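Below, each chain spelled out in residue letters.
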Amino acid sequence: MKWQAWRQLRAFPPLVWIILVGSFFGRGTYFMVWPFLAILLYEKFNLGAAQIGLILSASAVGAAVLGFYVGALSDRHGRRSILLAGTAINTLAFAVLAFAESLPAFVAAMTLCSIGRAIWEPPSSALIGDLLKERRQRELALQLRYFLINAGAAMGPIVGVWAGLSAQQSTFGLTALSYLALNLAFVWAFAHTASGRQARQRRDRTASFRGTLAVLRRDHMFLVVILANVLALFIYAQMDSSLVQYLTRAEAPNLVALISSLILVNAVTVIVLQFPLLSLMSGMPTNQRIVIGLVILAAGQLWVALNPVTFIYGWLGATFVVSVAEAILFPTMSVQIDQMAPDHLRGSYFGASSFYSLGWSLAPLAGGIVLELWSGPVLFGAMFLLCGLVWVLYRYAEGLSRPDWSEVKEPALPPPVVAGS
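Residues numbered from 1 in each chain as written. Predicted model: local features only at pLDDT ≥ 70, side-chain atom pairs only at ≥ 80, totals over all residues. Heavy atoms only, no water.

Overview of the overall build of the protein chain
- Counting secondary structure elements, the protein chain contains 17 helices and zero strands.
- Across the protein chain, the fraction of contacts at a sequence separation of at least 24, relative to all contacts at a separation of at least 6, is 85%.
- Surface exposure of the protein chain reaches about 17300 Å², of which carbon and sulfur atoms provide 67%. (Helix = DSSP H or I, 4+ residues; strand = E, 2+ residues; numbered from the N terminus. Contact = heavy atoms within 4.5 Å. Areas by Shrake-Rupley, 256 points an atom, 1.4 Å probe, with all protein chains shown as cover.)

The following block contains the structure:
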């Protein structure tokens, strides 16, 4: 990493570091067990693919809408209360999930998990933008956050396997503890740091959900970009629960070890290649980077569709290709939202980006139905074709209009944060 990047990292205020470190530990403990949840539901309750898909999807659909509303609330009331509520809900949700024995308890806990994530994700990304005024510094923080999330995802399964925790329901208790620690860290930082006190002052009492909707309706380019990214997440998410169900029902050899290996390949690829790829593409517009990622994602979907079930190295290779696409696409999507969002509506714009989770949440349901009616190759062949539609939407968005922000009165801001405060 260049010396300039190190100087930017040293200037991050404590609240930004809490978000970054909290993302790492939260996702690491989460990935010890969550990818195996489809297997737990199948073995514990003998559910079909469509039933598991419905459970995994339904709880997250409402959470996506909630995330949009919460983003607007954080613009009006500030980030602190929203972040504390989201991390508290996650603590409760994963604690319940660790001890749930009945199917209704599982569904309730998973719904709370989706709600907590929808509440805490948009304002945490918006808070990074609030506290870091330089564009390159914000971009570095957003990319680093995604990097740490994937580092946690890589280490979670390894630590889980080493400690004998993978695919054990009780491991969710560790995730609950990580979110409790994050909640307490937020309480401390908002009360005892200069950046926290500044963040508590930043709010726009004139903001309203109805007004935000009116502004977003005028931002035609942003709306089409949101739709394109929802579909991109829908495509990518098939590599999560739908691929697990496909491999489970096709009786792939050494299933748990294979799934752990796929998770590891995915996370390590993103960790190793994310910054080199983004550095290589630093001179490109964000839309061009995303289109390149889409082409690679399409190649990965086609590979999965054609790969024989028993060819283990084929699954690893396909996962590597899709992971390269992920390393390009998802950090760039966060940077894209930050670039498109005006300062006074940053929470609302990141809240609108929570609709991405509609793609993620609908993928298990759609994937489960296709697996029951047809097959895995049909599902991933359809995802290959859907990549083409996403490309068309991006090309269409380039010619659309955006609001004139000079006509919109922005709220007065508190004094800037002193570096490292």
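Read on, since the account is not over.
Quick word on the confidence of the model for the protein chain
- Mean pLDDT over the protein chain works out to 82, with 85% of the residues at or above the 70 mark.
- Averaged over each element, pLDDT in the protein chain is lowest for helix H1 (residues 3-10) (70) and highest for helix H17 (residues 376-397) (95). (pLDDT = per-residue confidence, 0-100.)

Quick look at the packing of helix H11 (residues 220-249) against helix H13 (residues 286-306)
- One can describe the packing of H11 onto H13 by two numbers: an axis separation of 11 Å at closest approach and a directional angle of 35 degrees. The handedness of the crossing between H11 and H13 is left-handed. Here H11 contributes Ala232, Ile235, Tyr236, Met239 and Leu243 to the contact with H13, which in turn contributes Leu294, Leu297, Gln301 and Val304. (Axes fitted to C-alpha atoms, helices over the stretch in contact; angles between N-to-C directions. Left-handed = near helix turned anticlockwise from the far one by under 90°.)

With respect to the packing of aromatic side chains
- If you walk through the whole model with that rule in mind, you get twelve aromatic pairs.
- Between Phe186 and Phe190, the ring centres sit 6.1 Å apart and the planes meet at 40 degrees, which makes this aromatic pair tilted. Remark: Phe190 and Phe186 occur in helix H8 (residues 172-192); sequence separation between them is four residues, near one turn of the helix.
- Ring centres of Tyr246 and Phe380 lie 6.5 Å apart, and the angle between their planes is 40 degrees; on these two criteria the pair is classed as tilted. (Phe/Tyr/Trp six-rings, centres within 6.5 Å; stacked < 30°, edge-to-face > 60°.)

Topic: the environment of Leu216
- Residue placement: Leu216 occurs in helix H10 (residues 209-218).
- With residues up to four places along the chain from it excluded, the contact list for Leu216 reads Phe68, Phe222, Leu223, Tyr349 and Ala352.

Re the environment of Ala11
- Among the structural elements, Ala11 can be located in the loop between H1 and helix H2 (14-30).
- Put simply, Ala11 and Leu132 are 121 residues apart on the chain and 9.0 Å apart in space, counted from C-alpha to C-alpha.

Thoughts on the nonpolar core
- Core analysis: the biggest nonpolar cluster contains 71 residues, and Leu243 and Leu297 have the highest contact counts within it.
- Residue assignment for this core shows that the elements contributing at least two residues are H10, H11, helix H12 (255-280), H13, helix H14 (312-340), helix H15 (346-352), helix H16 (356-373) and H17.
- Top contributing element to this core by residue count: H11, with 19 residues.
- In this structure Leu297 touches Ala232, Ile235, Tyr236, Val322, Ala325, Leu329 and Cys387, once residues within four positions along its chain are discounted.
- If you look at the next biggest cluster of nonpolar residues, it comprises 45 residues, including Val16, Leu84, Leu142 and Phe172. (Core = buried A, V, L, I, M, F, W, Y, C linked by side-chain atoms within 4.5 Å. Buried < 20%, exposed > 50% of the residue type's maximum accessible area, 1.4 Å probe, protein only.)

Focus on the packing of helix H5 (residues 79-99) against helix H6 (residues 103-131)
- At their nearest, the axes of H5 and H6 sit 7 Å apart, and the two run at 150 degrees to each other. As summarised for this structure, H5 and H6 are arranged roughly antiparallel, according to the angle between their axes. Where H5 crosses over H6, the handedness of that crossing is left-handed.
- Residues that form the contact of H5 with H6 fall into these classes: 21 nonpolar, five polar and three charged. (Parallel < 35°, antiparallel > 145°, perpendicular 65-115°, else oblique. Nonpolar A, V, L, I, M, F, W, Y, C, P; charged D, E, K, R; others polar.)

Points about H12
- Taking 1.5 Å of rise per residue, 26 residues should cover 38 Å, and H12 covers 36 Å from first to last C-alpha, within 8% of that figure.
- At Leu273, H12 is bent by approximately 45 degrees, the largest bend along its length, and proline Pro276 sits one to four residues beyond. (Expected span 1.5 Å × (residues − 1). Bend = angle between axes of the 7 residues up to and from the residue.)

Considerations on the pattern of salt bridges
- As enumerated under the stated definition, the model contains nine salt bridges in all.
- Note that Arg289 and Glu139 form a salt bridge whose closest N and O atoms lie 3.7 Å from each other. Here Glu139 lies in helix H7 (residues 135-162) and Arg289 lies in helix H13, a separation of 150 residues in the sequence. The two residues Arg289 and Glu139 agree in class, both being buried.
- Arg402 is the salt-bridge partner of Asp219, the closest N and O atoms lying 2.5 Å from each other. Note that Asp219 is positioned in the loop between H10 and H11 and Arg402 in the segment after H17, a separation of 183 residues in sequence.
- Its relative accessible area of 0% is what places Asp219 among the buried residues.
- Overall, the relative accessible area of 30% leaves Arg402 in the partly exposed class. (Salt bridge = Lys/Arg side-chain N within 4 Å of Asp/Glu carboxyl O.)

So, H17
- Across its 22 residues, H17 extends 32 Å between first and last C-alpha, which sits within 8% of the 32 Å expected from 1.5 Å per residue.
- Among the residues of H17, those classed as buried are Gly376, Leu379, Phe380, Met383, Leu386, Cys387, Val390, Leu393, Tyr394 and Ala397.
- At its buried positions, H17 is contacted by H11, H13, H14 and H16.

Some points on a nonpolar patch on the surface
- Nonpolar side chains collect at one region of the surface, where Leu174, Leu177, Leu180 and Leu184 lie side by side and expose about 360 Å² of accessible area between them.
- For Leu184, the position within the fold is in helix H8.
- Residue classification places Leu184 among the exposed positions, given a relative accessible area of 53%. (Patch = residues over 30% accessible without salt bridge, like charges linked within 9 Å, V, L, I, M, F, W, Y side chains within 5 Å.)

Some words on the side chain of Ser125
- Relative to the assigned elements, Ser125 resides in helix H6.
- Leaving out residues up to four positions away in the same chain, Ser125 has contacts with Arg145 and Phe350.

Description of unusual backbone geometry
- Unlike most non-glycine residues, Glu251 shows phi in positive territory, near 55 degrees.
- Of note, the phi angle at Asn254 is positive, near 50 degrees, even though the residue is not glycine.
- Along the chain, Asn254 falls in the loop between H11 and H12.
- For Asn254, a relative accessible area of 63% corresponds to the exposed category.

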